[in-house]
Each structure stands twice: as C-alpha cells, then as structure tokens.
Amino acid sequence: MSILVDTNTRVLVQGMTGKEGGFQTERCIDFGTNVVAGVTPGRGGTTHLDRPVYDSVKQAVNEQGANVSLIFVPAAFATDAIFEAADGGVDLIVCITDGIPTLDMSKISAYLAKKNVRMIGPNCPGLTSVADKAKVGIIPGNIHKPGSVGVVSRSGTLTYEAVGQLSALGIGQSTCVGVGGDPIIGMRHKDILELFEEDDQTESVVLIGEIGGTAEQEAAEYIKEHMTKPVTAFIAGATAPPGRRMGHAGAIITGSAATAESKKQALLDAGCHISDSPGDIGITVQKMLG
Amino acid sequence: MSILVDTNTRVLVQGMTGKEGGFQTERCIDFGTNVVAGVTPGRGGTTHLDRPVYDSVKQAVNEQGANVSLIFVPAAFATDAIFEAADGGVDLIVCITDGIPTLDMSKISAYLAKKNVRMIGPNCPGLTSVADKAKVGIIPGNIHKPGSVGVVSRSGTLTYEAVGQLSALGIGQSTCVGVGGDPIIGMRHKDILELFEEDDQTESVVLIGEIGGTAEQEAAEYIKEHMTKPVTAFIAGATAPPGRRMGHAGAIITGSAATAESKKQALLDAGCHISDSPGDIGITVQKMLG
Amino acid sequence: MKLHEYQAKNILKSFGVPVPNGKVFESKDEAGKFVDELGGSAVIKAQVHAGGRGKAGGVKLVRNAQDGADFAGSILGSKLVTVQTGPEGVPVNSVLVEELVDISRELYLSITVDGGEKSLVIIASEEGGMEIEEVAENTPEKIQQLHIDPVSGYQPYLGRQVGAFLSMDSKQTRALSALIENLVNAILENDLSLVEINPLVVTADGGLLAADTKMSTDENADFRHSKNADLRDAEQEDPLERIANEKGIQYVKLDGDVGCMVNGAGLAMATMDVIAQVGSSPANFLDVGGGGSEEQVAEAFKLIVSDPSVKKVLINVFGGILRCDVVANGVVSAYKEIDVNVPIIVRMTGTNAEEGGEILRSSGIPATVAHNLAEAAQKVAE
Amino acid sequence: MKLHEYQAKNILKSFGVPVPNGKVFESKDEAGKFVDELGGSAVIKAQVHAGGRGKAGGVKLVRNAQDGADFAGSILGSKLVTVQTGPEGVPVNSVLVEELVDISRELYLSITVDGGEKSLVIIASEEGGMEIEEVAENTPEKIQQLHIDPVSGYQPYLGRQVGAFLSMDSKQTRALSALIENLVNAILENDLSLVEINPLVVTADGGLLAADTKMSTDENADFRHSKNADLRDAEQEDPLERIANEKGIQYVKLDGDVGCMVNGAGLAMATMDVIAQVGSSPANFLDVGGGGSEEQVAEAFKLIVSDPSVKKVLINVFGGILRCDVVANGVVSAYKEIDVNVPIIVRMTGTNAEEGGEILRSSGIPATVAHNLAEAAQKVAE
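A. Summary view of the packing of helix H11 (residues 324-337) of chain C against helix H12 (residues 353-363) of chain C. Residue and element names in this part refer to chain C. For the pair H11 and H12, interaxial distance at closest approach is 7 Å and the crossing angle is 20°. Between H11 and H12, the angle is such that the two are roughly parallel. As H11 runs across H12, the sense of the crossing is right-handed. Note on element contacts: H12 touches H11 through Ala353, Glu355, Gly356, Ile359, Leu360 and Ser363, opposite Cys324, Asp325, Ala328, Asn329, Val331 and Val332. A class-by-class count of the residues in the contact of H11 with H12 yields seven nonpolar, three polar and two charged.

Okay, here's the thing in structure tokens:
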C-alpha cells in the first residue's frame, strides 16, 4: 500500500475545465489515476475529458464518490475552493495553486483540523503513488520507477531532480510527495514521514529540505524519536545569502535555525544520511541501501 | 461517581475577588467544594478566602493543579476569561456570567471543541454534585439531598424549584446541572443526558425545558434512541404569548418546534414521564419511581 | 433590540447591500415632496416595531405627492394596531418613502443564530413575501438552511449553494453571494442577532434588492456598540416594560389580572403556567433577576400594582443569589409608599426564607402565605 | 513587500497604535522647518528598505532647523550603503523627521507568521533596540513567543502574559494589550506578514510608543489590496530584480559570475549550491517559474547576460509544467536578438527534453550540453 492515494482513490478536480487544470488532469488520467469528476461552478451538467463536470464539490462527492480533490483554481478563488472541498466530504485535498494569502492558510488549517481533512500544498507539485498508479498533482509521470523509496520535498523541480536521480540508478519509489514551499502548508515533512514509517511499501525515505522555517528540524526530531526506516536528506540553499528572498516565501533565512547548516546538523544528529550535493542524492541513497 | 465534578475536582475561580464571586465562592467552599485558587489579573500573589490568587489561569493550573474553572467576571471581560481558561489547561469551564454576546459564544464554542474543553453556561446556575460534595455554581447548597436522580435544566430558580420538590419528598439527587438559557451555550440537555446515562450514581433523570429553541427535541431524540434510564420532564412557558421575549434570550418562540406543546409531545413520544404542572415535578418523579 | 426598517436599510446600504431609493420622514409634507422626487409614485410605510403592518393599513402605494402627503398625514402621529401589537397599538412617528420596484421574483433570505449548531445560519426560500413560518410549516422542502462555520467564516461556495437552491444563473448567483457576504459582515461588525430580507426582490433587469427588512441587535453586545443607544426607539415599547427595563427588571405585559413577581425567567414562566392551570390568568411576566436589590424589588412591586388590570399579586421567590429577606424588605418598603388594594399571596423558600417570612409577618402587610408552588396557585384561584 | 518606516507608521497610527509625532519630507528645507515645529530638536531618519541604517549614517539627532536641513540635504538623493545592501547601496529619496522621545525603557515587540503552528505569533523581549536575532541566539530566555490561535483570535489574556513577561504593571499591561490588539487588526485587515516594533519605547511618563518599525505585506494577498501598489517603492529594489519582477520572473542578484537560469525555486537554490561546490560562484538566483512562456524564458536569458559580471551561463531545467522545448525556443530567440559572448552550459531533462536538445543543436548556438546536475557543475568549473 502506498500513502495517501492509491488505485482506490477517486479524484475530483476543481478547475479541471481551465487550461492548466485540463492539461494536468489529462496527464493524471494517462498515468492511471482514477479521476471521476471535475468541478467548475456554472459548468455543471457538461462533460470534460470524458468526465462529468459538477457545479459543486458536494455533488461530485455524492454522485461520483470522490474522496480526494485536486485543486487548480486561481489564487483569488482557491481559498473558497479549499473550504468547499473540506466541507464537501473529501478526505484529502491536494492544492497545486500558488499565491494563496498566508492568513487564509491559517484559517484553512484550523478548519481542516476541525473537519479532519488532510491537505497537501498549496504551492506544491502534489504527489504520486508510483506503484499504485495514482498521480494527484503535476510531478511528471515518466520520471518514476516503482519501488520502495518514499520521497518528501518542499519544492517541485527539486523533487523531480531527486526522483530522476533515483530512477536513473534503478532505485524505484513508493510515493513521492511535494508538500509545498509556502509559510503555512497542510501536511509538513514530519506528517509525511509518519505515514512512510507506517507504510508497508516504503522501506526508506528521501527527505529534501530548504533553508527557512523549521520543518526540517521538526522532521529531524521525529526521525530521532520514532523513525525506524533509514532516511537520506538533502538541504538546498547553503549558498543563499541571508535575508534575501529566494522565490519560495518559505526560503527566507529567519534566524540560525533556518540555515542549511543548522538543518543538516539536526538531520545528521537524527541519524540521517546526508547528501551534501544536490547532484549526489541518488548516489547517497544507493550507498545507504548498500 | 457523579458527573463532571466530584471530590477530586480542583476548582479555580475567575473573579473570586469580586463581590459576587467572593460571596458565591464561600458558599461553594462551605458545601465542601475543593476550591484551590482564585484568578484576578493584577491581584496575583495575594490571598482571598484563604486561597492563593493568581494573575493568570495558567499559573493557577500549574501551581495548584486546578482542573475546573468557575467564572464570575463581568460580561465585557468574560469572553476573554473563557478563552484564557480553555487555553490555560482546565477540562471544564462553568460560566455563571450572563450577558455574553452571542457571536462571541459561537467563536468560543469552536475553540472549546478544538481544545476538547467542556463548558456549562454561560448565564447559568452551574452544577452541584450532591453526594460527591462538589458545588461549582450558585445552586443553593441547602436545598439538596443526596440520592440518585440527575437534574438538568436551563434556568436557575426553576432548577431550585424542581430540586426543592424532590428533596421535600425525600428523593435525593446525584448531580444537578443548570445549562443556561442563552441562544448558544456549552453543553446542552442532550450532552448532560449522555453523561447521566453512563453515570453509576444516577438512576433516573429530571429534565426541565423551556419554550424556544430545539434543545428539548434534541434531548427527546437522544432519549428515544439511547436512554435506558427513566426521564421525567417539565416544559415551562406553555402560557407565554408567541413572539414575546420572556427574560431568557432562549425563551423566544421561533416557530412551532419551539412551543411548549411541541416539546412536550416530543418528550412524551420519547417515553418520558411528563409533569404538566411546575408544582407537580416532585410528585411525578415519585410516581415514576413507584 | 429591534430596529426600524429605515435604520436596518441604512445599515444594509453602508455594507453594500442594494436597497430601494428611499428616505424617512416625520412630516407629511416632506414625505409628499419626496414622492415627487421619486417621479410621482412611491410606497409609503409606517415605521413601527411590529409585523403585520401591511394588513393593518400601515403601507400604501401612492401615485402622486398629494396622495403621499395625505397617507403620511393619516398615519403619522397615530397608533397602528397589528396582529403583533396589543389592542393599544404602537405609535407611528415616521414613515419611509421608497421608489416603486419593478419586481420579477420575490425571494426570502435571512441570517440568524442557530443555537443547536452554535453558528450563524442562512435561511433562504423561493417563497418571498410570505409568512416564512407558514412556509416552514406547510412546505419545509421550500426552505434551505446553511450554516456558516465560525472557523471558516462565510465563503462564496455557500452562496453558490443558495443560488442553486433558488434556481439562479451564474451571474445572479455571484451577486447573491456578494450580498450574503455583506450581510454577514454587517452582522459580525454590529453584533446583529437577525437580518431578514423578505422579500428579497429580483428586479425586472435581474438585479437584487432588499425590498423589506427586519433587523435585531444582540443586546448582550451593547457594551461594545455605544451608538446602539441612538437607534433605540423606546416609544415603540410598552410604557411599563420600558420603565421596568430601565430599572433592570425583565417585564412583559400580558392580558390577565394576576400580577406576578418572580425571581428567574424560568420560574417566572412556570409561575404563569401554574396560574393558568388553576383557571386564572397572569397580568405580566416579571423577573427581578438574581442580582436584584431591595430597591429593585420595591420598584418591581410598584410596577406590578400600578397596572390597573391587576386584581391579585403573587410573589413567588426561590431564594438563591437573591435572598428572601431582601425581597421581603423590598415589598414592605414599596407597600408603605403606595396604596395597595389588591390581595397579596406570597410564597418564599430557599435562602433566608424564614427571615423573609418574619419580615413580612412583623410588617403587618396582609399577605397570604403559601408553602409551595401548587398551594400558591390554589390561593390565587380562591 | 517591504514598506518604508513612515508608511508603516501611518498604518499603525490609523489603527490606534501610538507613534512619535513626525512627518516625511523629500525636501531638506521643509525637513528643517519641521525641526523648528517640533521645538528645535528632532531625529531624522533616511527612508530606505534596509536594516543597519543607523550604523551607516542614515539616522541623526539634530538640535536646530539648520542642522536638520543640512543633514537631510546630505542624505537626500544619495545612496546609503548598509550591511544589508549591496555595495551599490539604496537611494534615499525621503527622510522621516520625528520628535525626540523621552525614553524610560526600550522593548521589542513583533507579530509575524509561524508556519509550524500555522498561526500568528507575538514575539516580545525586554531587549529592545538590539538585533533581535542576536538576543535569540545568545539569551533565548529573554524572548517570549505566544501564538494567536486563528479560531479565538487575539484575546487580552495573551497581552497580560506579554505584560507579565515584560514586568509591566496592570495599567501598562492594559495599554500594551490594546496596542497588540490594534497590531493584530492592522495585520488582518492589510494582510501583513510582519510588523516589528523595535524599540517599543516606554516613555518617561509610562506611555508606550512605536519608536521604530518594520512592516511587510504578504504579496500573495495583493489581489485584495489594490492600494498596495501605491506603497511600493520600486527604486529601493535592485534594477535587474525589478525588471525581472515585472516580468513575473523570480530573480535575486548575487556576487558571483555564473549566471543561472533554472525552473523552480528549490532547484534554483540547489543549482547555486552545486556551482559553489565546484569552486565557482553564482551571479544570481533565477526561477523562470512553472508557468513560464517562451517569451518569459527569453526575457530571463537576456536579463542574465545583461549583467556585466556574468562570465558563464548555466541553464538547468527539469521539464515539468514548463516543457524543455519551450525553454530551448526561448533561449534561441533571445540569443538571436542580443550579443552573447559568454559560454553557455545547458542541462535539460524531463518533459520534452529531447525536443529541446534538438532545437538547441539545430539552432547552432554554441552550448555545451550536460546530462545531469553533477556534470553540469563540472562543466561550469572547467
């Protein structure tokens, strides 16, 4: 079993009728994901990509048994879309949209906790369960190879980089998750590690971190206390100058805990295998696996 | 075992140094309640009624192991006091204060649910566990007689009336709870019934309702579905004219479900023994107990 | 606290909710002039705190300034008796003059508090312009209730659900959602306990308009809305109720002849019930409250006997916070100040009941003592 | 987006947070005159988007109008170089002239977002006027962090906890709590990501005053704050960064000589890291973004080579949403438009990598191809 999504997952896509949403949904379907419906207010009753489109998440849940929502709607409407999904009855929300105001995310997080709904993102590439054929996001499907390494990362293309290196070395993945780079996100590194630790399919984990915030320290603490599976880690941003914004809102150096050095040390102390160069992530995993 | 409070309960009183708070706290202590601290911002380090006074709930919880807060602070400060109590680490809040804005209570309820903290009130007489010697509220201690009848009611003096009738007939009480008459309250009739149903000490229940709202219908539904212990019910307000406010904000006739007749019928259908007159509550219980 | 329609509409307008062009007047001539400004036709509505005003003759469609001035003149200064007022009616001190609206549909929309869900609830129906209670009773499927979670706050997807229920198209749904969001903002910023728009009109050109509205504030929140005091129209209240209110006493005038003084709202209602059960009828609901002082009790007693329809007085007190001796002292001091020609039945129990009884006995007031509620009712009936 | 001190103080003031009496000027003479209005002494502060301005000579206490005008004249129109700016500095286009404050204590107070707790956090310290990062590092016990739950919102008990930590008496604590509540309101209404008051001054008479303040807005929320555009001072930004920004490209100028074009912020940072590891140094951070078009890629490429310090260019693209053929086309079209005299190393993989490689090859651009990140770094170092 993979984590979060698998062949039983029934995905609805909020914003499927949009250009980007439609393009990416097709890639998901091609990968084998069970996309059961689209949701676009005002487009209910139509069909897109051979899937029924509904006006509301509730309808898509009621009529198609959707249990995961993948969100592509523009930032100004994404907060509403997330609340609608959480209230509409799905168990997991994957929000690709970037540009959601931080204070909205704070409110959303409180609501998700109340409703007991999980969320990946926003501003993330989503996730792919490789062997269980469920791609709910935008990680290119063709870079994967099924296997037993779980991948968790903040950023998009750096996730692809790590996955690409693994596949090139013949090392397959169980589930790959990009949790997103915003200051407030749904599930964090630590939350994903907990799932990997319990997942039969996952035998080891690659953790990709970045400067800024304390998610990696949090993850290191969890690894130290609870994790039995080996973890390889890489932290990006060692050469980024302090106090400068590097694209991700999360990638701001906010004190010594937020430096690459501090994060690496914490993960090393937790028993992780550290990849010092982003070009060596695959090789480091290969060595770790012996 | 009584419900909610007992001899192990460690009560802190927010507003103990006030006139009313002090007076009532003394009555609680006289009854045998384990009042361990007072909380009044700016009065920390002093003593009142031989109890230490703290500036904050957190301090009282940390230093005296308080687990229940009894609140007497004026309405304009009560919302803050409730949030402080919920954040401060108590398991149960009993708020006597009346006049708390309804929208504050909506926010408070969401916060209490998040923190997993229970609340009785506001605008209520609180509760008394008769045999277990814990009076956390303002129900006069001398009207009780220990026994096995649980009492739950919205209003203050009508609760006393019911309790007085029971005691006069030699029928003792387990725990008596006045849940309060505001539109939004913490625990409702149904929530208290659930506790009575599970309580070894309680063998039957007296439920006092009022016109307005749907708490009694909710209770009737619970009684019908889940309650094994016999329930005697009285509904006040049969003669109140529709659309007029009768003191309690809750006592507004808001449609046919809110009438005394509708509530009585629902409780009758649920198998309750109905006392048609407020003067016959005790006698009805006596008959029910055979 | 109830607001007048014109006050409610001013609030709605300030929050961006569309309302008909209109103005409030206390003078018939100015009202008439404004009919002209509106193009010669208007609807004129008596501003009173009571429903059923249309059927009672408080609303009229006028077709010229003179008709407007005449109608305004006929109701200004008069008392309007509706199904919701007593026979004495409520004074009409102002009229709202509004443009006529080109109505395509009449909908119902309100937001209030649902105690069960502990949140605001949006109530919507296609049956606008009707008594919503009757719609709820007879055709509940025509009413939609949607709760606004206090954590998420209002979100547009709720508005889309309302729009779908009301069979609106996308554009109208967006306007409706914006309108509901504005209503919620008005509620949150002003601590309103009710906003009801009935009818919410869909105009001929597809726009939305709050044609009539009822609004109430949560008096518990008055401490943070100092301007609410200016919105109160005390003249709309029963004079005795108003006096009681100013003294912190909960009082409601009723039709019977047994004056009641009770502590606690629940016990006060129960006392009314028991009086009715013995075939008598309560003249009032009165709760002196838990924090009542001797003075407040005295005022309450004077208030009750000042009502000419009162033929008997029942004092029913279960001493708790309010001690029976305080009640007795209050009654005695009031009794000495005024002429009391009606029999008094007293039932006192709870805190300091004996002291209270002794105070009454030694005062020489001719009060009949009852020992419990049933006995008190019996003595009232005798 | 960073705001100037004077802009931040205007916002604070409008939310009821006390700030020193002051005004912003672009003219030295008017600045001098205002020193007189303030009673002949004042503090004059360069308005720039960079910390460390005091040590860099951007702040001065003046004792008369002439001194004020002289100092204002000396910095207005100049560039201020601080530890937080590059060697080129930032332009001083305005100065804030403020009354002198009678300081009794200097405290630190800020509110920002804590991603771990997913809420706002209040940060307070008795060590005001210092670099707070150093206080946090050396004496963490002198810093208090209190989270504001998004469900409860700010409540005064939090302010009392801060007041107790700062050893304030009851009265001062109430003022502090009101101040914090106002800060929170300012944050919620304006979508601020940071408000920092350092120092928060306790004046000789016991009052509180925001003597200096830093404020940033959450740019993600710009869509609902149209007036934020007026607050932007683009001149404070690096010219290349500003141009990039306007084109939707994330660009940060750095000190090295290897120009980088990457898709994705994480991969862009990793690319910088790998360049550093082979002993070279990145000239910039650049993320063309996932939604990049051919035109955007072309603009990004032109931007990179327009930097005179760039001696090599590394293009590192992992095709995903952004396809490699789009990148290749963008690079080719830019290359044709401008003179490029620096070597180009290209590493492309992922979606349509082969098509992209073919486009580059057939275009005749002399690009060195690398097949993975490690190899790309190696070729940069060669």
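B. Expanded view of the sheet that holds strand S1 (residues 22-25) of chain D. Residue and element names in this part refer to chain D. Pairing in this open sheet of four strands is antiparallel, and the strands run S1-S6-S2-S3 from one edge to the other. Bordering the open sheet on either side are S1 and strand S3 (59-62), each of which pairs with just one other strand. Each strand of the sheet is rotated relative to its neighbour by a mean of 20°, with strand direction disregarded. Here strand S2 (residues 42-46) runs beside strand S6 (residues 95-98); their pairing, made up of four bridges, is antiparallel. Across the sheet, Val43 pairs through a bridge with Glu98, a residue of S6. Contacts from helix H1 (residues 5-14) reach S1, S2 and S6, with the element oriented near 50° to S6. Packing against the sheet, helix H2 (residues 28-37) makes contact with S1, S2, S3 and S6, and its axis sits at approximately 165° to S1.

C. Representation of the pattern of salt bridges. Taken as a whole and judged by the stated rule, the model has 66 salt bridges over all chains. The partner of Lys263 of chain A in a salt bridge is Glu216 of chain A, with the nearest N and O atoms 2.7 Å apart. Highlighted residues: Lys263 of chain A in helix H8 (residues 260-269) and Glu216 of chain A in helix H7 (residues 215-226), separated in sequence by 47 residues. With a shortest N-O distance of 2.8 Å, Arg53 of chain D and Glu5 of chain D are connected by a salt bridge. Residue Arg53 of chain D is found in the loop between S2 and S3, and its partner Glu5 of chain D is found in helix H1; the two are separated by 48 residues along the sequence. Neither Arg53 of chain D nor Glu5 of chain D differs from the other in exposure class; each is buried. A network of salt bridges, in which partner residues are shared, links Glu5, Lys9, Lys45, Arg53, Glu98 and Asp212 of chain C.

D. Representation of helix H8 (residues 239-246) of chain C within the structure. Residue and element names in this part refer to chain C. The complete set of buried residues in H8 reads Leu240, Glu241 and Ala244. An end-on view of H8 places all buried positions within 100° of arc, on one side of the element. Packed against the buried residues of H8 are strand S13 (250-253) and helix H10 (294-306). By the N-cap criterion, in which a side-chain oxygen at the helix start approaches the backbone nitrogen of a residue two or three places on, H8 is capped by Asp238, the distance to Leu240 being 2.9 Å.

E. Here's a closer look at the packing of helix H3 (residues 75-88) of chain A against helix H4 (residues 102-115) of chain A. All names here are of chain A. H4 packs onto H3 with a crossing angle of 5° between their chain directions and a minimal axis gap of 10 Å. Overall, the two elements H3 and H4 adopt an arrangement that is roughly parallel. Every residue of H4 that contacts H3 at Thr79, Ile82, Phe83, Ala86 and Asp87 is listed here: Asp104, Lys107, Ile108, Tyr111, Leu112 and Lys115. For the contact of H3 with H4, a count of residues per class yields six nonpolar, one polar and four charged.

F. View of the environment of Ser167 of chain A. Residues and elements named next belong to chain A. Take Ser167: it is sitting in helix H5 (residues 157-168). The sequence separation of Ser167 and Gly282 amounts to 115 residues, and the corresponding C-alpha distance is 8.3 Å. Contact partners of Ser167, with chain neighbours within four places excluded, come to Ile143, His144, Lys145 and Gln173.

G. Representation of the sheet that holds strand S1 (residues 22-25) of chain C within the structure. All names here are of chain C. The sheet built from four strands is open, its strands ordered S1-S6-S2-S3 with antiparallel pairing. A single partner strand is all that each edge strand has here, and the edge strands are S1 and strand S3 (59-62). For this sheet the average axis-to-axis angle between neighbouring strands, irrespective of direction, equals 20°. Along the sheet, helix H1 (residues 5-14) makes contact with S1, strand S2 (42-46) and strand S6 (95-98), crossing S6 at roughly 50°. With respect to the sheet, helix H3 (residues 65-75) is in contact with S2, S3 and S6, its orientation differing from that of S3 by roughly 165°.

H. Structural context of the pairing of strand S12 (residues 213-217) of chain D. Residue and element names in this part refer to chain D. With four of its five residues buried, S12 lies for the most part within the structure. Inspection of the sheet shows strand S10 (residues 192-203) paired to S12 by five bridges, in the antiparallel sense. Considered in S12, the bridge of Ile197 is made with Thr213.

I. Summary view of the domain arrangement of chain A. Residues and elements named next belong to chain A. Assigned domains within chain A: domain 1 (11-120) and domain 2 (139-289). A straight line from the C-alpha centre of domain 1 to that of domain 2 covers 26 Å. Opposite the nine residues of domain 1 that make contact, domain 2 presents 12 residues. Here domain 1 and domain 2 share an interface that buries about 820 Å² over both sides, 70% of which is from carbon and sulfur atoms. For the interface between domain 1 and domain 2, the tally reads zero salt bridges. Counting residues per element, the ones that place at least two in the side of domain 1 that touches domain 2 are H4 and strand S7 (118-120). No other element matches H4, which puts four residues into the side of domain 1 that touches domain 2.

J. Seen up close, the interface of chain A and chain D. With 50 residues of chain A at the interface, the matching set in chain D holds 43 residues. Each partner contributes to the roughly 3,600 Å² buried at the junction of chain A and chain D, and carbon and sulfur atoms together form 63% of this total. At the boundary of chain A and chain D, one finds two salt bridges. Connecting chain A to chain D are 14 residue pairs in polar contact (both at pLDDT 80 or more). At the level of elements, helix H1 (19-31), H3, H4, H5 and strand S13 (231-236) of chain A are the ones that each hand at least two residues to the side of chain A that touches chain D. Of the residues forming the side of chain A that touches chain D, the biggest block, six residues, is contributed by H4 of chain A.

K. Quick peek at the domain arrangement of chain C. You can read the domains of chain C as domain 1 (21-98), domain 2 (103-228) and domain 3 (238-381). When each unit is reduced to the centre of its C-alpha atoms, the spacing between domain 1 of chain C and domain 2 of chain C is 26 Å.

L. Layout of H7 of chain A. Residue and element names in this part refer to chain A. In a regular helix each residue adds 1.5 Å, so 12 residues correspond to 16 Å; H7 covers 16 Å between its end C-alpha atoms and thus fits that length. Among all positions in H7, only Ala215, Glu216, Gln217, Ala219, Ala220, Tyr222 and Ile223 are buried. Contact partners of the buried residues in H7: helix H6 (189-198), strand S12 (204-210), S13 and H8.

M. View of the nonpolar core. Ile93 of chain A together with Ile93 of chain B are the most contacted members of the largest nonpolar core, which has 139 residues in total. Apart from residues no more than four positions distant in its own chain, Ile93 of chain B is found in contact with Ser69, Ile71, Ile82, Ala85, Ala86, Leu112, Val117, Arg118, Met119 and Ile120 of chain B.

Conventions used here
- Residues numbered from 1 in each chain as written.
- Chains lettered and ligands numbered in written order.
- Predicted model: local features only at pLDDT ≥ 70, side-chain atom pairs only at ≥ 80, totals over all residues.
- Heavy atoms only, no water.
- Axes fitted to C-alpha atoms, helices over the stretch in contact; angles between N-to-C directions.
- Helix = DSSP H or I, 4+ residues; strand = E, 2+ residues; numbered from the N terminus.
- Parallel < 35°, antiparallel > 145°, perpendicular 65-115°, else oblique.
- Left-handed = near helix turned anticlockwise from the far one by under 90°.
- Contact = heavy atoms within 4.5 Å.
- Nonpolar A, V, L, I, M, F, W, Y, C, P; charged D, E, K, R; others polar.
- Pairing = 2+ DSSP bridges.
- Salt bridge = Lys/Arg side-chain N within 4 Å of Asp/Glu carboxyl O.
- Buried < 20%, exposed > 50% of the residue type's maximum accessible area, 1.4 Å probe, protein only.
- Arc of directions from axis to C-beta.
- Polar contact = N/O pair within 3.5 Å; in protein donor to acceptor, adjacent residues only side chain to side chain.
- Domains from an automatic or database assignment.
- Buried area = accessible area lost by both parts, 1.4 Å probe.
- Expected span 1.5 Å × (residues − 1).
- Core = buried A, V, L, I, M, F, W, Y, C linked by side-chain atoms within 4.5 Å.

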